[in-house]
Amino acid sequence: MDERADGTAPVAAARPEAAPARTDARTGTRPGTAPPPGERATRRRIGAEIWIVLGLSLGRSAVYAVVNIVARLTEGTPLAQQSTTLNPSRSPRPYLDLTYQLLTIGFALVPVALALYLLSAHGRSAVRRIGLDGGRPWRDLGVGLGLAAVIGIPGLGLYVAGRALGITVEVQAAALNGAWWTVPVLVLAALQNALLEEVVAVGYLMERLRDLRWGAPAIVVASALLRGSYHLYQGWGPFVGNVVMGLVFAEYYRRRRRVMPLVVAHTALDVVAFVGYALLPDAWLEAVGVG
């Protein structure tokens, strides 16, 4: 800055203050900014989001299960003489099979990450929102194991009854090669199933339906029917059993807003089914109508 002749610095000219931006009285927004979406647009967006998440995960499985049960019912063979395998081997080469198993488990968890990401909008923690955090580990463990017992024992009885009535296919819970990694992979598969189903079918779906202002009974029934639908490929018995399980789990979540006990319960159920099938003698399995 140049000095004046008397050695003093010139005074800088004051800058005019910017006039405050005017706000549109009708929309409540400033010029050049988009107005917030209306309620109808928000509901449409949430609805589209639900369809996308389900289309990438359990909804897709439900569609395939419906087609599968139709194919089973129309092929001429009674359901009691048909079978399905839940954890098949994917290669006769053990380490390649292990690679495929881990990839399958990993990619199946991507919709879980997507659901949590979408629920974390506006800076909210999705894991705290749906109770997937570890804040109450011992209580969640106890409740989860209790739910597993309440669901698992009647569920096994329903499966046996379904097999006797001819409305349930033979379910082979595991058909992996007897490698060192078989049990750890089955445990991981059980955890993956639990996270996918409980986070998406319960936590995510019920939160989003609440955002759409559905009533509590409709939300619980929708979650339960979704759970039953993607088990239809196993027959009518597992469909009914999983709907009942879905009603119990959804009602628990509605009351407690915690999905962690449901993940514990589901993991325990699947570990017993998967690992038990892989390790128990064939005579024991045949005694309860499995295998």
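Residues numbered from 1 in each chain as written. Predicted model: local features only at pLDDT ≥ 70, side-chain atom pairs only at ≥ 80, totals over all residues. Heavy atoms only, no water.

**So, the overall build of the protein**
Quick note on the threshold: In DSSP terms, a helix is any run of H or I states spanning at least four residues, a strand is any run of E spanning at least two, and both are numbered starting from the N terminus. Categorising residues by exposure relies on relative accessible area from a 1.4 Å probe, with only protein chains included: less than 20% of the type maximum marks a residue as buried, more than 50% marks it as exposed, and the intermediate range marks it as partly exposed. The contact criterion used is simple: two residues touch if any of their non-hydrogen atoms lie within 4.5 Å.
Each helix and strand in the protein was counted, giving 11 helices and 2 strands. Starting at the N terminus and walking to the C terminus, you meet the elements of the protein as α-α-β-α-α-α-α-β-α-α-α-α-α. Counting the 291 residues in the protein, one finds 39% classified as buried. Nonlocal contacts in the protein, meaning residues at least 24 apart in sequence, comprise 74% of its contacts between residues at least 6 apart.

**Considerations on the layout of surface pockets**
Stated formally: Definitions used for this entry: grid spacing 1 Å over protein atoms alone; cavity, a set of points where a 1.4 Å probe fits but cannot get out; pocket, an open set with protein on both sides within 12 Å along at least 5 of 7 lines; lining residue, one with an atom within 4 Å of a point. Grid points are joined across faces, edges and corners, and a volume is the space filled by probe spheres set on the points. Each residue is assigned to one class: nonpolar for Ala, Val, Leu, Ile, Met, Phe, Trp, Tyr, Cys and Pro, charged for Asp, Glu, Lys and Arg, and polar for all the others, Gly among them.
There is about 360 Å³ of room inside the second largest pocket. Elements with a contribution of two residues or more to the lining of the second largest pocket: helix H1 (39–55), helix H4 (110–119) and helix H7 (182–211). Of the residues belonging to the lining of the second largest pocket, the class tally is 6 nonpolar, 2 polar and 6 charged.

**Concerning a nonpolar patch on the surface**
To keep things clear, this is the line we draw: Patch definition: residues with relative accessible area over 30% and no salt bridge; like charges joined within 9 Å; nonpolar side chains (Val, Leu, Ile, Met, Phe, Trp, Tyr) joined within 5 Å. All accessibility values rest on the Shrake-Rupley procedure with a 1.4 Å probe; residue burial counts only the protein chains present in the view. Any carboxyl oxygen of Asp or Glu within 4 Å of a side-chain nitrogen of Lys or Arg constitutes a salt bridge here.
A surface patch of nonpolar side chains, about 390 Å² in accessible area, is lined by Leu73, Leu165, Ile167 and Trp236. Of note, leucine 73 is situated in helix H2 (residues 58–74).

**Quick word on the packing of aromatic side chains**
Rules: Working definition: a ring pair exists when centres of Phe, Tyr or Trp rings (six-membered ring for Trp) sit within 6.5 Å. Plane angles under 30 degrees give stacked, over 60 give edge-to-face, the rest tilted.
Evaluation of the coordinates by the stated rule reveals 1 aromatic pair. Geometrically, the ring pair formed by tryptophan 236 and phenylalanine 239 is edge-to-face, given 6.3 Å between the ring centres and 90 degrees between the ring planes. Here phenylalanine 239 and tryptophan 236 lie together in helix H9 (residues 236–256), a separation of 3 residues that amounts to about one turn. For tryptophan 236, a relative accessible area of 36% corresponds to the partly exposed category.

**Thoughts on the environment of arginine 227**
Among the structural elements, arginine 227 can be located in helix H8 (residues 216–229). Judged by its relative accessible area of 0%, arginine 227 falls in the buried class. Considering only alpha carbons, one finds arginine 227 and glycine 59, 168 residues apart in sequence, at a separation of 9.5 Å. Not counting the four nearest positions on each side in its chain, arginine 227 is found in contact with Glu197, Glu198, Val202, Asn242, Met245, Gly246, Phe249 and His266.

**What to know about the pattern of salt bridges**
Under the criterion given, the structure shown has 13 salt bridges. In this structure, the salt-bridge partner of arginine 227 is glutamate 198, at a minimum N-O distance of 2.8 Å. Residue arginine 227 is found in helix H8, and its partner glutamate 198 is found in helix H7; the two are separated by 29 residues along the sequence. Across the pair, glutamate 198 and arginine 227 agree in class, each one buried. In this structure, arginine 210 engages glutamate 207 in a salt bridge whose closest nitrogen and oxygen atoms are separated by 3.5 Å. Of the two residues, arginine 210 and glutamate 207 are both situated in helix H7; the distance of 3 residues between them amounts to about one turn of the helix. Taken together, the shared-partner salt bridges connect Glu49, Arg129, Glu207, Arg208, Arg210, Asp211 and Arg257 into one network.

**A look at the nonpolar core**
Across soluble globular proteins, nonpolar side chains have a tendency to be buried as a group. Worth spelling out the cut-off: Throughout, nonpolar core names a set of buried Ala, Val, Leu, Ile, Met, Phe, Trp, Tyr and Cys residues whose side chains join them through atoms within 4.5 Å.
One finds Ile50, Ile130, Leu132 and Leu262 to be the most contacted residues of the largest nonpolar core, which totals 42 residues. At the level of elements, H1, H2, H4, helix H6 (137–165), H7, H8, H9 and helix H10 (260–279) are the ones that each hand at least two residues to this core. Here this core gets 11 residues from one element, more than from any other, and that element is H7. Grouped together as the second largest cluster of nonpolar side chains are 12 residues, Leu98, Ala173, Leu176 and Leu186 included.

**Quick look at unusual backbone geometry**
Phi at arginine 213 takes a positive value of approximately 65 degrees, unusual for a residue other than glycine. Within the secondary structure, arginine 213 sits in the loop between H7 and H8. Notably, arginine 257 is not glycine yet its phi reads approximately 55 degrees, a positive angle. Residue placement: arginine 257 occurs in the loop between H9 and H10.

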